[in-house]
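An overview of the molecular structure
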Amino acid sequence: MPVKPSSEDELHREKEGESFGVQVETRDIFTEDSLDPVYQVKARILNDALQEIGMGKYQWYLFIVAGFGWLSDNLWPIVTSLILTPVVNEFNVLGPWLKLAQNIGLLVGAAFWGVSSDVWGRRWAFNITLGMTGLFAIAAGGSMNYVALCSLSAVWSVGVGGNLPVDSAVFLEFIPASHQYLLTVLSIWWAFGQLLGSLVAWPLLANYSCPTTVPPSPCPRSSNEGWRYFLFTMGGLMILLWVIRFFVFNLYESPKYLMGRGRDEQAVEVVHKVAAYNGKTSNLTLEDLQRAGKLADATVDDNVLMDMSALAAVRRQMGIFSNSRVKSLFATRKMAWSTTILIILWAFIGLAFPLYNSFVTYFLASRGANFGDSSTYITYRNQVILSVVGVPGALMAGYFVELPYLGRRGTLAIFTVLTGVFILASTTARTSNALLGWNCGYSYTSNVMYGVLYALSPELFPTKDRGTGNAIVATANRIFGVMAPIIALYANLATSVPIWISGAIFIVSGFIALLLPFEPRGHASL
C-alpha cells in the first residue's frame with residue numbers, strides 16, 4: 001500500500017517546482033513529527049525564503065549588532081574578575097559575594113528575557129538589555145560600600161543574562177541555512193569582550209589601584225579609584241552599543257515570531273524588507289503561508305490549533321518545564337541520553353568556568369608576589385596577553401567543527417580536556433612567565449570549547465523542543481554558576497584550591513562530551 005505523503009512534503013515539493021531556486025534544504029537532525037505541523041510547514045517556507053535571499057548586508061550588520069551581545073556576555077564576568085582584587089583590598093571583604101550577586105542576576109536575566117522575547121517580541125528585549133547593563137554599571141561605579149556594589153552588580157547582570165538567549169534567537173531567525181555556521185563564528189565577539197575588558201583595565205587599574213601586598217596593607221578610596229573608572233568606562237561603552245542598536249540599526253521583528261503569533265502578513269512583509277535591504281527580491285507571498293496552513297491543518301484536529309494570544313504565549317513559556325514537554329526530550333533512549341549529557345556538560349562547565357575566571361586575577365597577583373613581580377601593571381598586562389591569545393581560538397572553532405572525523409563532538413571533547421589540563425598545569429608554575437604560558441594555553445582552548453558548545457547545543461534538540469531544551473541547559477548552567485562563588489566562600493581565596501577544582505571538572509566534562517550519541521556536522525537546523 002503506498003504511503004500518503006505528509007502535507008509538509010507535499011507543500012515543499014510544490015515550492016520546489018516554483019521559482020525559489022533554493023540550494024540548501026533546511027532539515028533537522030531528528031525526523032520526528034512536530035507537535036504543531038502548521039508551524040513546522042510555515043517555518044520551512046520562511047527558511048526557504050531566507051535562503052533564496054541569501055546572506056546580504058542586513059545579515060552582516062546583524063552579525064555585528066548581535067555580536068555586541070556575545071561581547072557583553074563575556075565582558076561583564078571578566079569585569080567583576082578584574083575589579084575583584086582592588087575591591088577586596090578597599091572594602092576588606094570576601095570577594096565571592098560579588099560573584100554570587102552577579103550569577104544570581106545572570107540566572108534571573110536568562111529566564112526573564114527569554115520569556116519576554118516570546119511575549120512582546122524579539123525587538124524589545126534585543127534593544128533593552130545593553131542599555132540596562134550600561135545604566136546600572138555606571139551607577140555601580142559610584143558605590144559607597146560593598147553591599148551597594150553587589151546589589152547593582154546583580155541588576156546589571158539581569159541585563160547581561162538576556163543577551164545570548166535573545167540575540168542567538170534573533171540571529172538564527174534571519175540567516176539562511178547555508179550560513180548557519182556563523183553561529184559558531186559569533187564567538188569571536190565573545191573573545192573580543194575579554195580582550196576589550198583587559199585592555200581598558202590595564203591602564204586604569206594599574207595606575208589607580210592600591211598595590212597588592214602580602215600581607216594586605218590599608219587601601220583608602222582615594223588611592224583606589226581605578227575600578228570605579230573602569231565601571232564608568234565599560235558602562236559608557238554599553239550605552240554606546242545600545243545607541244547603535246536602537247538608533248542606527250533598524251531591527252525588524254523576527255518573521256518566525258510573527259508567524260508563530262498568527263501575523264503571517266507582517267512576517268511576509270519583513271522578509272520582503274530584508275530582501276530589499278539586500279538589494280534583492282523575494283518570491284514569498286502571503287498565499288504561500290496561508291496555503292501551507294490549510295494543507296497542514298488538514299492533518300490536524302481542529303481542537304489542536306495553537307492559541308496565538310499574548311496570554312497563551314506566557315502560558316507556553318511558563319510551561320516549558322511541564323512534564324509533557326520535558327518528556328519529549330527523553331522520548332527515546334538515544335534522545336534521553338543526548339539530553340542528559342548536554343545538561344551535565346552545561347552544568348559542569350557552568351561551575352568550572354566562573355570558578356576559575358572569578359579568582360584567576362587574584363591568584364595571578366598572589367603568585368606574582370611570590371615570584372617577585374606582583375605589580376598591578378604586570379598582573380593586568382598578563383591579562384591582556386591572555387585575552388589576545390583567545391581571539392584566534394574563537395575563529396578556529398569554526399574550522400575545527402567542520403573537519404571530518406572530528407566535527408562538533410570531537411572538537412568539544414578535545415578542547416574541554418585541554419582546557420582542564422592547562423588549568424591544572426598552571427598550578428605547577430615556578431616562574432611568572434611559566435604561569436603566563438600555561439594560562440595562554442587555557443585561554444586558547446577555552447575559547448574553542450565555548451565557541452563549539454554555544455553552537456552544538458541548539459543543533460542537538462529537535463525543532464519542536466529546542467526552546468525547552470535550551471531553557472533547561474541554560475538553567476543548569478546558571479544554577480551551577482551560582483554555586484561557584486558559594487564554593488569559593490569556603491575555600492581560601494589565596495590558594496590554588498578553586499583552580500584545581502575547576503581544572504578537574506573541565507577534564508571530566510571533556511570525556512563526558514564523547515558520550516554524546518549524535519554528531520550534527522553537515523545538518524542544517526529548521
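Residues numbered from 1 in each chain as written. Predicted model: local features only at pLDDT ≥ 70, side-chain atom pairs only at ≥ 80, totals over all residues. Heavy atoms only, no water.

Here we come to unusual backbone geometry. Phi at N92 is positive, roughly 55°, even though this residue is not glycine. On the secondary structure map, N92 appears in the loop between α3 (57–91) and α4 (96–119). (Helix = DSSP H or I, 4+ residues; strand = E, 2+ residues; numbered from the N terminus.)

On to the state of the cysteines. A complete count under the given rule lists one disulfide for this structure. A sulfur-sulfur distance of 2.1 Å marks the disulfide that ties C210 to C219. Between C210 and C219, the S-S dihedral sits near 95°, and the bridge is therefore right-handed. This pair shows no difference in class: C210 is buried, exactly as C219 is. (Disulfide = S-S within 2.5 Å. Buried < 20%, exposed > 50% of the residue type's maximum accessible area, 1.4 Å probe, protein only.)

Attention shifts here to the environment of V271. In this fold, V271 is placed in helix α12 (residues 264–277). Separated by 16 residues in sequence, V271 and P255 have C-alpha atoms that sit 6.9 Å apart.

Moving on, we get to helix α10 (residues 226–248). For α10, with 23 residues, the first-to-last C-alpha span of 32 Å sits near the 33 Å given by 1.5 Å per residue. Listed in full, the buried residues belonging to α10 are G226, W227, R228, F230, L231, M234, G235, L237, M238, L241 and R245. For α10, the secondary structure elements touched by its buried residues are α3, α5 (122–140), α6 (146–161), α7 (163–172) and α9 (187–207). (Expected span 1.5 Å × (residues − 1). Contact = heavy atoms within 4.5 Å.)

So, about the confidence of the model for the protein. Low pLDDT means the predicted atomic positions in that stretch should not be read closely. Per-residue confidence for the protein gives a mean pLDDT of 79, with 78% of residues at or over 70. Model confidence for the protein, summarised as mean pLDDT per element, is weakest for helix α1 (residues 7–16) at 44 and strongest for α10 at 95. Segment residues 28–35: pLDDT under 50, and 24 contacts once partners within four positions in sequence are set aside and those in other chains are kept. (pLDDT = per-residue confidence, 0-100.)

On to the packing of helix α19 (residues 407–426) against helix α22 (residues 497–513). Packed helices, taken two at a time, are described by the angle between their axes plus the distance between the axes. The N-to-C vectors of α19 and α22 enclose an angle of 160°; their axes lie 7 Å apart at closest approach. Between α19 and α22, the interaxial angle falls into the category roughly antiparallel. Our pair here, α19 against α22, has a crossing hand that is left-handed. Mapping the contact onto sequence places R409, L412, A413, T416, V417, T419, G420, V421, I423, L424 and S426 in α19 and I499, W500, S502, G503, A504, F506, I507, S509, G510, F511 and A513 in α22. (Axes fitted to C-alpha atoms, helices over the stretch in contact; angles between N-to-C directions. Parallel < 35°, antiparallel > 145°, perpendicular 65-115°, else oblique. Left-handed = near helix turned anticlockwise from the far one by under 90°.)

So, about the nonpolar core. Among the nonpolar cores identified, the biggest contains 122 residues, and L62, W76, F174, F230 and L231 are the most heavily contacted of them. For this core, the element with the most residues is α3, which contributes 16 residues. Residue contacts for F174: discarding those within four places in its chain leaves L50, Y58, Q59, L62, L251, Y252, E253, S254, P255, V270 and V274. (Core = buried A, V, L, I, M, F, W, Y, C linked by side-chain atoms within 4.5 Å.)

All right, on to the pattern of salt bridges then. Scanning the model with the defined rule gives eight salt bridges in all. One salt bridge connects R478 with D73, and the closest N-O pair in it is separated by 3.6 Å. Remark: D73 occurs in helix α3 and R478 occurs in helix α21 (residues 466–489); sequence separation between them is 405 residues. Residue R478 shares its accessibility class with D73, and that shared class is buried. (Salt bridge = Lys/Arg side-chain N within 4 Å of Asp/Glu carboxyl O.)

Here the structure, examined in full by the defined rule, presents 25 aromatic pairs. On the numbers, 5.3 Å between centres and 35° between planes, the contact of Y58 with F249 is tilted. Of this pair, Y58 sits in helix α3 while F249 sits in the loop between α10 and α11 (255–260), and the two are 191 residues apart along the sequence. Overall, F249 belongs to the buried group, its relative accessible area being 7%. Ring geometry for W189 against F192: centres 6.1 Å apart, planes inclined by 85°, an arrangement best described as edge-to-face. Placement of the pair is W189 and F192 together in helix α9, with a separation of three residues, close to one helical turn. Using a relative accessible area of 16% as the deciding quantity, one classes W189 as buried. Judged by its relative accessible area of 33%, F192 falls in the partly exposed class. Within the aromatic cluster, the residues linked to one another by ring pairs are Y58, Y61, F174, F249, Y252 and Y277. Over the ring of Y277 we find K57; its NZ or CZ atom is 5.4 Å from the centre of that ring. The cationic tip of R245 hangs over the ring face of F126; the distance from NZ or CZ to the ring centre is 3.8 Å. (Phe/Tyr/Trp six-rings, centres within 6.5 Å; stacked < 30°, edge-to-face > 60°. Lys NZ or Arg CZ within 6 Å of the ring centre and 35° of its normal.)

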